[in-house]
Structures are given as C-alpha cells and as structure tokens.
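Below are the chains, spelled out letter by letter.
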Amino acid sequence: MPINTKHILIVEDELIIANNIANILRKAGYLSVAMANTVPKAISSLEEKRPLVVITDIMLGQPQSGLDLGEVLSKKYHIPFIYITSFANAEIVEQAKQTRPNAYIVKPFKAEDLLIAIELALFNAQINEPETPKEEGELLIKDGRVFINLLFSSILWLEADDNYTLIHVHNNKTRVIRTPLRELQEQLPPQQFMRIHKSYIVNRLHIKEIATDHVRITDQKLPISRSYSKEVKEIISSH
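If you're wondering where the values come from, they're calculated on a predicted model, not measured in any experiment.

Q: How should the overall build of the chain be read in this particular structure?
A: Looking only at helices and strands, the chain features seven helices and 15 strands. Counting only contacts in the chain whose residues sit at least 6 apart along the sequence, the fraction spanning at least 24 positions is 55%. Carbon and sulfur atoms make up 50% of the accessible area of the chain, which totals about 12500 Å².

Q: What should I look at first to understand the sheet that holds strand E13 (residues 207–210) in this one?
A: Adjacent strands of a sheet pair through backbone hydrogen bonds, lying either parallel or antiparallel. Ordered in space as E13-E14-E15, the three strands form an open sheet in which the pairing is antiparallel. Of all strands in the sheet, those bounded by a partner on one side alone are E13 and strand E15 (220–223). Sheet twist, expressed as the mean angle between neighbouring strand axes with direction ignored, is 25°. Pairing of strand E14 (residues 214–217) with E15 involves four bridges; the strand directions are antiparallel. Following the sheet pairing, Val-215 is matched in E15 by Leu-222.

Q: Would you mind showing me how to read the packing of helix H2 (residues 39–48) against helix H3 (residues 66–77) here?
A: It is at 10 Å that the axes of H2 and H3 come closest, and there the two elements cross at 30°. Compared by their axis directions, H2 and H3 come out roughly parallel. Considering only the axes of H2 and H3, their crossing is right-handed. Counted together, Val-39, Ala-42, Ile-43, Leu-46 and Glu-47 of H2 and Leu-69, Val-72, Leu-73, Lys-76 and Tyr-77 of H3 form the full contact between these two elements. Of the residues assigned to the contact of H2 with H3, the class counts are eight nonpolar, no polar and two charged.

Q: Looking at this model, I keep getting lost on the pattern of salt bridges. Mind explaining?
A: A side chain of one charge can pair with a side chain of the opposite charge when the charged atoms of the two come close. By the definition in use, this model includes four salt bridges. Among the ionic pairs, Glu-71 bridges to Lys-75, the shortest N-O distance being 2.6 Å. One end of the pair is Glu-71 and the other is Lys-75, both in helix H3 and four residues apart, which spans about a single turn. A salt bridge links Glu-138 to Arg-100; the nearest nitrogen and oxygen atoms lie 3.2 Å apart.

Criteria and thresholds
- Residues numbered from 1 in each chain as written.
- Predicted model: local features only at pLDDT ≥ 70, side-chain atom pairs only at ≥ 80, totals over all residues.
- Heavy atoms only, no water.
- Helix = DSSP H or I, 4+ residues; strand = E, 2+ residues; numbered from the N terminus.
- Contact = heavy atoms within 4.5 Å.
- Areas by Shrake-Rupley, 256 points an atom, 1.4 Å probe, with all protein chains shown as cover.
- Pairing = 2+ DSSP bridges.
- Axes fitted to C-alpha atoms, helices over the stretch in contact; angles between N-to-C directions.
- Parallel < 35°, antiparallel > 145°, perpendicular 65-115°, else oblique.
- Left-handed = near helix turned anticlockwise from the far one by under 90°.
- Nonpolar A, V, L, I, M, F, W, Y, C, P; charged D, E, K, R; others polar.
- Salt bridge = Lys/Arg side-chain N within 4 Å of Asp/Glu carboxyl O.

Below, the structure is given as structure tokens:
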C-alpha cells in the first residue's frame, strides 16, 4: 500500500489531546488526520490508509501500550513514528529506544514542538533507510523537547561550535545540537569514532584518505591537530 504523504495517524486515549494534535496538523497543511485510542484500532486504521507518520502516546491506558504499537510499526510496517509521553526519565526512554522510534516529544508541548518532531522523524527515517543492521548502536540526541536516535553508521563526523555540536550525516544533512562535543563523545564507541582535533570527531568507517595533517570524508578535508596526531598515526600504521 503506498504511503499517503499528507495523512497522519494519531494514537491517543485522551480525546482532548488527540483533537489538539489534529487541529495543529490540519493548520499546518496535513490534509488527512486519523485518530485511534487503542493499538488494535490503530493497526486497523493504518491497514485502511497507510500514513506518512504515526504519532502515538506511550501510555495508552490499555493492555497494549504505545511501545507495543511501536514494535509493530518498526518491524512489520516500517512506518516512521513519534512517541509522545509525559515521562522523560531514563527508564522510559531506554524502553522506547528498543522499538526504534524516529522521534520523541514530551508533554506538555507546543505546536512548534510537534511540527519539529515530525520533521525530525522524517529526516531520521530518511538517513537511516539505507542501513540494514538492526543491532547497531545509536546516538540519542535532544533537540529542544524532542529526542531522536541516529545510527552510528549514519554519522560522518561531528564538529564543535561553542556549546553546540554540528552532526554531519549522509546525504549532506547536518543536525545542530545544543550539546558540547565532549559530552557527545562519551556516548560514541571509541573503536569507531576518533578525535582528530579539539573541534572534530570522525567516524573511522567513512574516512576516504588519511594524510599527515588531515583526513578526508566525502569531499571534506578535516584538520588533524598536533595533540591528536599520535592516535591518527597509529591508525595509519594499522591500515
């Protein structure tokens, strides 16, 4: 069944919230919005009309939760989906990560938060689409009130910009995250990511050329500073 590029499915057991989301989406130009308050109704709805994105609450007050729906969306339907939750604690986020959502949004949220979450979900689905390994690690990043996961293999390099980090990924896309590079480095596997400069961390899998003073990823040359040259030389000697 082809995806309807203007159709969105909302799965929410609180009618006021569901209607609020629907109104935001219609004002933003989404022509078709469906609503369901349980997982079975949601599956029945998407079987009738395949949506561009599914927006689902995690806690639906039913035997089956939004996490159960997320599992089905990820493994069977391969439709981008966004979790909405009142709980932003580490345990809930970790459980949600296992179902591979494309974005998260935390209640209460503004119209702008919701629309950004949809953009991020579609962006994340696009850059992760070519990747087949399901067991690969991911980098969890937060943009405002929205969380998304980036597969490690989709990241080309990371670039420091004061308290922000620019994450360069496939297809010439860049995410600007309000998190210092040093904090993101703690989440990256050192066997795959290498710091070559105080401002740059590169994904070793995407290095096309290593020279004494730079590495090249795609058509971009990134400088190697003296303080990190020893580690880079060790990589060179091991190739």
